[in-house]
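Letter by letter, the chains look like this.
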Amino acid sequence: MSTSEEITREIRAQARELLESGQVSCIIGYEVGSRGRARPAFVHDADDVERLIWGPDCVHNLTVYLHDFKKPRKRGEEPPHVAVVVKPCDSRAVNVLLAEQQIERERVFIIGVACEGVQDETGEPAARCTRCDDRVPVVYDVLLGEPPQVSPVEDGFADLARIEEMSPAERLAFWLHQFDRCIRCYACRQVCPGCYCTTCMFERDDGLWVDIGIEVPQKYMFHLGRALHLAGRCAECNECERVCPMGLPLSLLNRRLAREVETLFGYRAGREVALSPLLFELGEEGSPI
Amino acid sequence: MKFTTLDELRAWLNHLAQEHDLIAPRDVDGHVLYRPVASSGEILFDYERPELSTKDYFLPATEVLLRTERRGGDVTLEEVLPDRKQVLFGIRPCDAQGLTVLDALFLQQEPPDVYYRHHRERTTLVGLACPQMWEGCFCTSMGGAPDDPTHLDVLLTAVDGGYAVQVVTEKGAALLEGLALEEREGEPPPQSLPPQSWGGPRGGAPKPVPVTPPEKWRALFEDGLWQRHGERCLSCRICTYVCPTCRCFDVTDRVVEVRPGLTRIERIRAWDACTSTNYRRIAGGHNPRPTKPERLRNRFYCKFCYYPEDFGPLGCVGCGRCIVSCPVNIDIREVLRDVAERSGE
């Protein structure tokens, strides 16, 4: 097992090498923020690598920022090469984006970090970590840190029982009560690596499904629609739930569908390198893909 | 000073709730929010800064502006303004100051916004002084204070055994008629709490945040600081929706019912946010603010350059909500310090 200081040193050394050699033009990592906790950092210059840190407060899934590097900086140029620091949960989103041809593998240098689990603002293990026993990213170019020992998680979906024990009417009431708090700030969508539509169907000027109102029916449509659009694609990084200012238990929706997909197709998004998204595959009924 | 006990206050609030829409801080699934309450039993009296501002009760997140109905050849229009009076109890001084900021646009321009004016006129603001400043709070740098009565109708301050009651306006005095008040020995609580009582979670008085005058902002439009702060922005709307002074809205007509011989439509307005990707997109699809740094820059220019130039007050009261709720730690204090440094303030 490696300490945060050791991994911080290794990240800085790796970043320096990548920037000085010109292999990438930017490192997406973490720095110390104004509130004393880690925040996303973009390092463009080898002289700035000392800003980069690693620690148990590095909660953010930085792969969402890869979408900002898909286009060339200037017309006629190639898109930039970029490096990104990933935890095991984040790395699953890389596989999803690769399968969906959103990023090119050779343009993204993946700095994987062996993960002990991260902590929320109160210093408790983050919710995602209580149901995750991955200690090594599923995809990386370099792996930093020694993978720590970990006891396997028996059932990462155990908490779903909470809503499944409800009758349909109770479940509807539960969700309507939750959605009532939503302010439709779209933070859940914006932080999600899998939500990258240029214009979200819930935000179209000519939208037939929902209007601009910030009321329960629109919020209900948005959250259920978003969950369905992420079926077989959600990497279960739980960022949507972390960023929600109103504390909506959004991962109950996404992971309920993730379990459904696993039961039906034996597939968990991002766990393996896939050639295409699950829902693009055609197979015999009942056969695993 | 005028004084009342918690029991008297509760009785008065219970009475008020019968004739008014009473809005007060409430625990909603672990979140402190200003919400309608039926009686004083639902009200929190000891609470921090509520997580959302009070602007929802003046510029609702969704508001029906009018309803139309067409039956055959007849078209009717329906007014939708509510007629019950509203009391906002427990509003923090920063939120009241935020309303003064909104007034500069919605009331003091011609023509005034009739919907906003309607809500504002039918509302009485009963504030509760903050016992301290919390994480992110910087009202004292924005012309406010934890016990600033200026923008309120009544200010309550917790004192030994009850509350000191400060009547600020005639509207406040009229509302207080049913509340048992006694005169007590002693000075009213200080107008400005001494610095040692400002300790946040980490203790100590917050560092002052510099505000650069509007005219000095122009030269920084192309400064690299916007790229630096904007890069990690997610383009969500949290900062604008939790803000007591962000006031952008969008308007749309929605069909409520269509059947042969009858069409009912309502026109609504709903909050919008300049941080969102498509906010500035215009007919034909062009977006003059296509990148995150450009959009973030606009939010800060609006607050500290455009709004004060066009309407008077700064578009920020230092409530600190955007600071504690931003998922990627974009910190308005840090931006203001950078701007001050770059402009040589």
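See the structure printed just above.
Residues numbered from 1 in each chain as written. Chains lettered and ligands numbered in written order. Predicted model: local features only at pLDDT ≥ 70, side-chain atom pairs only at ≥ 80, totals over all residues. Heavy atoms only, no water.

Q: Report on the overall build of chain B, specifying residues and quantitative values.
A: Along the backbone of chain B there are ten helices and twelve strands. The C-alpha atoms of chain B give 22 Å as radius of gyration, which agrees with the globular expectation for 345 residues (20 Å, within 12%). Once the C-alpha set of chain B is aligned to its principal axes, its extents read approximately 70 × 65 × 40 Å. Taking the intrachain contacts of chain B between residues at least 6 apart in sequence as the baseline, contacts between residues at least 24 apart amount to 71%. (Helix = DSSP H or I, 4+ residues; strand = E, 2+ residues; numbered from the N terminus. Rg over C-alpha atoms; globule rule 2.2 N^0.38 Å. Contact = heavy atoms within 4.5 Å.)

Q: Give a detailed account of the pairing of strand β8 (residues 154-159) of chain B, specifying residues and quantitative values.
A: Residue and element names in this part refer to chain B. Pairing of strand β7 (residues 123-128) with β8 involves three bridges; the strand directions are parallel. Of the residues in β8, the one forming a bridge with Leu128 is Leu156. Following β8, the chain reverses through two residues before pairing antiparallel with strand β9 (residues 162-167); Gly161 in that reversal takes a positive phi of roughly 85 degrees. (Pairing = 2+ DSSP bridges.)

Q: Describe in detail the interface of chain B and chain A, supporting the description with residues and values.
A: Between chain B and chain A, the residue contacts involve 40 residues of the former and 37 residues of the latter. Here chain B meets chain A over a buried area of about 3,100 Å², counting both sides, of which 51% is carbon and sulfur. Summed over the shared surface of chain B and chain A, the result is eight salt bridges. Measuring nitrogen to oxygen at the nearest pair gives 2.8 Å for the salt bridge that ties Glu135(B) to Arg35(A). Between the two partners, chain B and chain A, sit 21 residue pairs in polar contact (both at pLDDT 80 or more). Each residue belonging to the side of chain B that touches chain A can be placed in one class, and the counts come to 17 nonpolar, eight polar and 15 charged. (Buried area = accessible area lost by both parts, 1.4 Å probe. Salt bridge = Lys/Arg side-chain N within 4 Å of Asp/Glu carboxyl O. Polar contact = N/O pair within 3.5 Å; in protein donor to acceptor, adjacent residues only side chain to side chain. Nonpolar A, V, L, I, M, F, W, Y, C, P; charged D, E, K, R; others polar.)

Q: Explain helix α2 (residues 88-99) of chain A residue by residue, including any values.
A: All names here are of chain A. With twelve residues, α2 extends 17 Å between its outermost C-alpha atoms, agreeing within 8% with the 16 Å of an ideal straight helix rising 1.5 Å per residue. With eleven of twelve residues buried, α2 is to be regarded as a mostly interior element. Pro88, Cys89, Asp90, Ser91, Arg92, Ala93, Val94, Asn95, Val96, Leu97 and Ala99 are the residues of α2 that are buried. Residues of α2 that are buried sit in contact with β1 (26-32), β3 (82-86) and β4 (108-113). Of the residues flanking the end of α2, it is Gln101, one or two places downstream, whose phi is positive at about 55 degrees. (Expected span 1.5 Å × (residues − 1). Buried < 20%, exposed > 50% of the residue type's maximum accessible area, 1.4 Å probe, protein only.)

Q: How would you explain the sheet that holds strand β3 (residues 31-36) of chain B if you had to name every residue and give the values?
A: Sheet strands associate in pairs through backbone hydrogen bonding, adopting either a parallel or an antiparallel arrangement. All names here are of chain B. Spatially, β3-β2-β6-β7-β8-β9-β1-β10 is the arrangement adopted by the eight strands of the open sheet, whose pairing is mixed. Two strands in the sheet have a free side with no partner beyond their single neighbour: β3 and β10 (182-183). In the sheet, strand β1 (residues 2-4) pairs with β9 via three bridges, with the strands oriented antiparallel. The residue bridging Lys2 from the neighbouring strand is Val165, located in β9. Sheet contacts for helix α2 (residues 93-106): β3, β6 (85-91) and β7; angle to β6, the most-contacted strand, approximately 135 degrees. (Axes fitted to C-alpha atoms, helices over the stretch in contact; angles between N-to-C directions.)

Q: Outline the nonpolar core, listing residues and values.
A: Of all hydrophobic cores here, the largest spans 121 residues; its most connected members are Ile27(A), Ile28(A), Ile111(A), Trp217(B), Phe300(B) and Ile332(B). Excluding residues within four positions of it along the chain, Ile111(A) makes contact with Gln14(A), Leu18(A), Ile27(A), Ala83(A), Val84(A), Val85(A), Val86(A), Val142(A) and Leu144(A). (Core = buried A, V, L, I, M, F, W, Y, C linked by side-chain atoms within 4.5 Å.)

Q: Any chance you could break down the sheet that holds β1(A) for me, citing the residues and the numbers?
A: Residue and element names in this part refer to chain A. Across the sheet, five strands lie side by side as β2-β1-β3-β4-β5; this open sheet has mixed pairing. Whereas interior strands pair on both sides, the edge strands pair on one side only; in this sheet they are β2 (38-43) and β5 (142-144). Across the sheet, the axes of successive neighbouring strands diverge by a mean angle of 30 degrees, strand direction being ignored. Both β1 and β3 contribute to a ladder of three bridges, which runs parallel. Along β3, the bridge assignment pairs Ile27 with Ala83. The strands touched by helix α1 (residues 4-20) within the sheet are β1, β2, β3, β4 and β5, with β4 carrying the most contacts at an inclination of about 170 degrees.

Q: Lay out the environment of Leu250(A) in plain terms, naming residues and giving numbers.
A: Residues and elements named next belong to chain A. Looking at the secondary structure, you find Leu250 in the loop between α7 (239-243) and α8 (251-265). What makes Leu250 buried here is its relative accessible area of 3%. Linking Leu250 and His223, residues 27 residues apart in sequence, is a C-alpha distance of 8.1 Å.

Q: So what about the packing of aromatic side chains? Which residues, and what values?
A: Residue and element names in this part refer to chain B. Tallied over the entire structure, the rule returns 19 aromatic pairs over all chains. Just above the ring of Trp271 sits the side chain of Lys55; from NZ or CZ to the centre is 4.8 Å. The ring of Phe3 is capped by Arg184, whose NZ or CZ atom sits 3.6 Å from the centre of that ring. (Phe/Tyr/Trp six-rings, centres within 6.5 Å; stacked < 30°, edge-to-face > 60°. Lys NZ or Arg CZ within 6 Å of the ring centre and 35° of its normal.)

Q: Can you explain helix α3 (residues 114-121) of chain B? Please cite residues and give values.
A: All names here are of chain B. Those residues of α3 lying buried are Tyr115, Tyr116, His119 and Arg120. Here the buried residues of α3 occupy an arc of 130 degrees about the axis, which is enough to place them on one side. Each element contacted by the buried residues of α3 is listed here: β4 (62-71), β6, α2, β7, α4 (170-175) and β12 (262-271). If you check the start of α3, you find a side-chain oxygen 3.1 Å away from the backbone N of Tyr115, and it comes from Asp113. (Arc of directions from axis to C-beta.)

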